[in-house]
Structures are given as C-alpha cells and as structure tokens.
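Listed below are the residues making up each chain.
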Amino acid sequence: VNGSAACTLCSAGKYNPVVAAALDMCTNCTSATAWSLPGGTSDELHCMCNAGYTGLSPSCLACPPGKFKGEIGPGDCRNCPAGKFSQIRGKTSGKCTDCTTGSWSQIGSAQPTLCLCNAGFIGVNGGPCAACPAGTWKSTTGDFNCTRCVAGKYSTT
C-alpha cells in the first residue's frame, strides 16, 4: 500500500537534503575523500573526511607527505615519527619508512634525503651511512666527511 513503507535511509557515503523525497535522491558525498556515517545524512556538511584526509567536508585535503591520518573524521594529520619519512600524499597508516642505518630525520620528514647521516657516520643524506673508519671522527650530522685525528690523538671507531 502506498505510504505504508517506512522511509529508507541513504546509504553510507550519501546524503539527501530533500524533505519528503519520493525517490532515491541520495547524492554521493562530494568526492572520494569524504563519506557519511552509516545510514547517510541530510546535509553534505555531515559527510566526513576519509582516513588520509583532513578538514571539514566538502573541503577534505589529502595529508601532505611526511604526515598521515588513520581514522575517519575531521582530525588533523599526524607527523611521521623522528627517524622515519613518507613521500606518500594521503597516507592512511603511521607505518612510515625507516631512515637507513646510521641516519636520522626530524619528525614529519617527507623525503629520504631528509635522513641525515648521524655524527660518527659518513655517506650521502638519504643513502647508506657507514661508521667513520678508525683514525677519523665526525661530530656533526649530515653528509660531511670524517676528519682525520691529528698527531698525538687517535680514534678506534
């Protein structure tokens, strides 16, 4: 019988601002970067940003490289931890890539070249870093050369 069926909710990822809609007029949230709670919503502003995106719908922005967001909603993107980096935009996991052995990066690093060779290590930033050879030393981070010990001094590692 017409009018006896209960109203049907829009599915997740859709909204319907029309009152007394007689047809399925549910509209997808603005882009693939936004979705609504299960059961849909009546307003596009209730669509939420997917994991890997931040902001408020309909203006969800992908997390920039060096950051990630693992949950759905308006929360902020978080930095990759120190010693790690990520070149991926819209990253959904905090599993950022480790810097090579003997190097370290600041939090939120977006490139492997931001992994600097530690003090006591030599190499190209972002590449492999090796310990300074015996008889040399290095007190700073970066791709600087190890310095030879002066006469009267030595270094075993």
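Everything quoted here is computed from the prediction, not taken from an experiment.

Q: How should I be thinking about the overall build of the protein in this particular structure?
A: The helix and strand inventory of the protein stands at zero helices and 16 strands. Only carbon and sulfur atoms are counted for the fraction: they give 60% of the accessible area of the protein, which is about 9700 Å².

Q: What should I look at first to understand the pattern of salt bridges in this one?
A: Where side chains of opposite charge bring their charged atoms close, a pairing between them can arise. Using the criterion set out here, one finds two salt bridges in the structure. The residue Glu71 makes a salt bridge to Arg78 at a minimum N-O spacing of 3.5 Å. The exposure class of Arg78 is partly exposed, given its relative accessible area of 41%.

Q: Explain a nonpolar patch on the surface to me, please; I cannot follow it from the model alone.
A: A grouping of Val18, Leu23 and Met25 is seen on the molecular surface, where their side chains present a nonpolar patch of about 290 Å² in accessible area. Overall, the relative accessible area of 38% leaves Val18 in the partly exposed class.

Q: What should I look at first to understand the state of the cysteines in this one?
A: Covalent bonding between the sulfur atoms of two cysteines defines a disulfide. Applying the stated criterion to the full structure yields seven disulfides. The side chain of Cys49 participates in a disulfide bridge whose partner is Cys60; the two sulfur atoms lie 2.2 Å from each other. A torsion of -95 degrees about the S-S bond marks the disulfide between Cys49 and Cys60 as left-handed. Pair noted here: Cys49 is in strand S4 (residues 48-49) and Cys60 is in the loop between strand S5 (53-54) and strand S6 (61-62), with a separation of eleven residues, a long-range link. Each member of the pair Cys49 and Cys60 is classed as buried. At a sulfur-sulfur separation of 2.0 Å, the disulfide partner of Cys132 is Cys146. Between Cys132 and Cys146, the S-S dihedral sits near -80 degrees, and the bridge is therefore left-handed. Here Cys146 lies in the loop between strand S15 (136-137) and strand S16 (147-148) and Cys132 lies in the loop between strand S14 (129-131) and S15, a separation of 14 residues in the sequence. There is no split in this pair, since Cys132 and Cys146 are both buried. Of all cysteine sulfurs in the structure, the one in Cys132 sits closest to Cys149, which takes part in no disulfide; the separation is 9.6 Å.

Q: Would you mind going over the environment of Gly13 with me for this structure?
A: Counting through the fold element by element, Gly13 comes out in the segment before strand S1 (14-15). On the accessibility criterion, Gly13 (16% relative accessible area) is buried. The spacing of Gly13 and Glu44 is 31 residues in sequence and 9.8 Å in space, taken between C-alpha atoms.

Q: Looking at this model, I keep getting lost on the side chain of Asn125. Mind explaining?
A: Its place among the elements puts Asn125 in the loop between strand S13 (121-123) and S14. From its side chain, Asn125 meets the backbone nitrogen of Cys117 in a polar contact 3.3 Å long. In this view, Asn125 contacts Pro112, Thr113, Cys115, Leu116, Cys117, Gly142 and Asp143; residues no more than four positions away in its chain are not counted.

Q: How should I be thinking about the side chain of Lys69 in this particular structure?
A: Relative to the assigned elements, Lys69 resides in the loop between strand S7 (67-68) and strand S8 (78-79). One buried charged residue, Lys69, forms no salt bridge at all, with the nearest opposite charge on Glu71 at 5.3 Å. Polar side-chain contacts of Lys69 include one of 3.4 Å to the backbone oxygen of Asn50. Among the polar contacts listed, one links the side chain of Lys69 to the backbone oxygen of Tyr53, at a separation of 2.6 Å. Aside from chain neighbours lying at most four places away, what touches Lys69 is Cys49, Asn50, Ala51, Gly52, Tyr53, Cys63, Pro74, Gly75, Asp76, Cys77, Lys91 and Thr92.

Q: Mind showing me how you'd approach the environment of Thr141 here?
A: If you trace the backbone, Thr141 turns up in the loop between S15 and S16. Here Thr141 falls in the partly exposed class, since its relative accessible area comes to 44%. A sequence separation of 25 residues divides Thr141 from Leu116, and the C-alpha atoms of the two residues are 6.0 Å apart. Those residues within four positions of Thr141 in sequence are excluded, and the remaining contacts are Leu116, Cys117, Asn118 and Ala119.

What counts as what
Residues numbered from 1 in each chain as written. Predicted model: local features only at pLDDT ≥ 70, side-chain atom pairs only at ≥ 80, totals over all residues. Heavy atoms only, no water. Helix = DSSP H or I, 4+ residues; strand = E, 2+ residues; numbered from the N terminus. Areas by Shrake-Rupley, 256 points an atom, 1.4 Å probe, with all protein chains shown as cover. Salt bridge = Lys/Arg side-chain N within 4 Å of Asp/Glu carboxyl O. Buried < 20%, exposed > 50% of the residue type's maximum accessible area, 1.4 Å probe, protein only. Patch = residues over 30% accessible without salt bridge, like charges linked within 9 Å, V, L, I, M, F, W, Y side chains within 5 Å. Disulfide = S-S within 2.5 Å. Polar contact = N/O pair within 3.5 Å; in protein donor to acceptor, adjacent residues only side chain to side chain. Contact = heavy atoms within 4.5 Å. Lys, Arg positive; Asp, Glu negative; His and termini not counted.

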